[in-house]
Amino acid sequence: NTLGEAQTLLYALQDTYENNKIISLNILQSSDTSILELEDAHFLKILLQTTFILASSTKPPDTVTAAYMFAFMVKSKKFEVHLIKFLLKQVEEGVSVLPCEKDVLISITYSSSFIALLLLSGELLKHLRVAQRSLLDAAAYAPLYGVLACIRSVIAQLDFKLLKDKLSLNQWTLLIQELISLSIKVASVVEPVVCNSSPEGHLPMDTDSDSLLQLQATVRRAIGKRFQSAVVGSECASLESDQVILDMVKTHAVTAQILLLCCWRTHKEVSLLFGEISDKIPVKSASESISSGILDIVQVLDIGEYFMRQMTLVKHKGAFEQAYIGFSKLCCMLWR
């Protein structure tokens with residue numbers, strides 16, 4: 001392998017055709033990462049920053065790319081130093097979900113993956129806070145589904161049966177517990193949309209002036225630079241000569257679709273994440289004095305209650321189908 005070929009594979013992770021992403025990732029993970037010249041600290045930092053930007057993108061293809069990038073990065077120890085730097089910065093911002101001590105972090109089995117998941121959990125928490133204030137704001141600039149997809153991608157790379165030491169088991173148990181709790185909160189935020197009898201037209205807001213401003217901001221972000229001065233038409237609006245007037249009904253419809261895209265993809269990712277957790281992460285055994293499991297019965301029940309609730313209430317067909325896939329994995333785990 002040459003550096004050029006390796007970089008081509010790295011760029012192929014951005015391909016819009018997912019099979020190409022899968023093939024590129026498999027080749028990269030089975031190759032010697034030294035050929036990528038990952039000693040370049042600046043390159044690693046830029047790559048990590050770019051991946052986080054893609055994870056928070058409002059464009060679903062970007063978030064898929066971010067998920068594959070994380071799957072690649074957590075397999076290389078070269079990224080660990082930069083992941084820790086990003087994590088410490090996040091801790092300073094007050095959004096860390098667990099206490100972070102560098103010496104402890106690097107001692108944990110799958111330390112790079114653990115740190116990456118801590119980082120992504122913090123990002124998810126930030127986006128959740130935005131969504132709790134306003135789903136429209138979350139749909140416009142802080143979508144949740146990309147971060148969830150990255151979390152699922154990292155978990156899919158791990159073999160949790162290899163966790164043997166007490167420190168690793170304890171830390172991973174705490175992290176998975178936080179992830180499950182966070183994900184349930186995320187699902188509850190998007191639930192009003194995907195459980196609405198007409199989710200494709202549902203917009204949980206009034207038509208007051210503040211709501212109109214939210215509509216304008218969301219549509220401007222969604223339809224590009226040409227409409228950065230666009231305003232939603234109203235009888236009393238005073239307009240500038242160069243402003244584009246957006247029809248209220250059409251704007252409502254477009255914004256409802258933007259909101260639905262964000263909510264159903266978020267719901268989908270929560271369901272698939274819970275399915276991945278059920279499939280990959282061992283459950284603690286009550287019969288063993290020293291258990292090598294991570295999930296306890298309470299967490300399994302929480303996941304089960306989530307699926308039962310969603311499959312009972314969800315009206316959006318796509319969201320229901322993904323919940324069914326996750327629920328099937330939970331059932332397989334219970335039958336093992």
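Each value, and the rule that gives it
Residues numbered from 1 in each chain as written. Predicted model: local features only at pLDDT ≥ 70, side-chain atom pairs only at ≥ 80, totals over all residues. Heavy atoms only, no water. Phe/Tyr/Trp six-rings, centres within 6.5 Å; stacked < 30°, edge-to-face > 60°. Helix = DSSP H or I, 4+ residues; strand = E, 2+ residues; numbered from the N terminus. Buried < 20%, exposed > 50% of the residue type's maximum accessible area, 1.4 Å probe, protein only. Expected span 1.5 Å × (residues − 1). Core = buried A, V, L, I, M, F, W, Y, C linked by side-chain atoms within 4.5 Å. Contact = heavy atoms within 4.5 Å.

- Labelled according to an unreviewed UniProt entry, the chain appears under the name Thyroid adenoma-associated protein homolog, originating from Nephila pilipes.

**Considering the packing of aromatic side chains**
Part 1 of the reasoning: What the rule picks out here adds up to nine aromatic pairs.
Part 2 of the reasoning: Each ring, one from Phe-114 and one from Trp-172, has its centre 5.1 Å from the other, and the planes form 85°; the classification is edge-to-face. In this pair, Phe-114 sits in helix α7 (residues 111-133) while Trp-172 sits in helix α10 (residues 166-194), placing the two residues 58 residues apart along the sequence.
Part 3 of the reasoning: You can call Phe-114 buried: its relative accessible area is 0%.
Part 4 of the reasoning: When its relative accessible area of 0% is taken as the criterion, Trp-172 is described as buried.
Part 5 of the reasoning: Consider the rings of Tyr-306 and Phe-307, whose centres lie 5.2 Å apart with planes at 65°: the pair is edge-to-face.
Part 6 of the reasoning: Of the aromatic side chains, those joined through ring pairs into one cluster are Phe-274, Tyr-306, Phe-307 and Phe-327.

**Remarks on helix α9 (residues 145-156)**
For an α-helix, the turn length of 3.6 residues means that residues three or four places apart are oriented alike.
Part 1 of the reasoning: End to end, α9 covers 16 Å across 12 residues, agreeing with the expected 16 Å (1.5 Å per residue, within 8%).
Part 2 of the reasoning: Most of α9 is tucked away: 10 of the 12 residues are buried.
Part 3 of the reasoning: Every buried residue of α9 is accounted for by Tyr-145, Gly-146, Val-147, Leu-148, Ala-149, Cys-150, Ile-151, Ser-153, Val-154 and Ile-155.

**Structural notes on the nonpolar core**
Part 1 of the reasoning: Core analysis: the largest hydrophobic core is formed by 94 residues, its most contacted members being Leu-118, Ile-151, Ile-155, Trp-172, Ile-176 and Ile-277.
Part 2 of the reasoning: Of the residues forming this core, the biggest block, 13 residues, is contributed by α10.
Part 3 of the reasoning: When neighbours within four sequence positions are excluded, Leu-118 is seen to be in contact with Leu-87, Gln-90, Val-97, Leu-98, Cys-100, Leu-105 and Leu-175.

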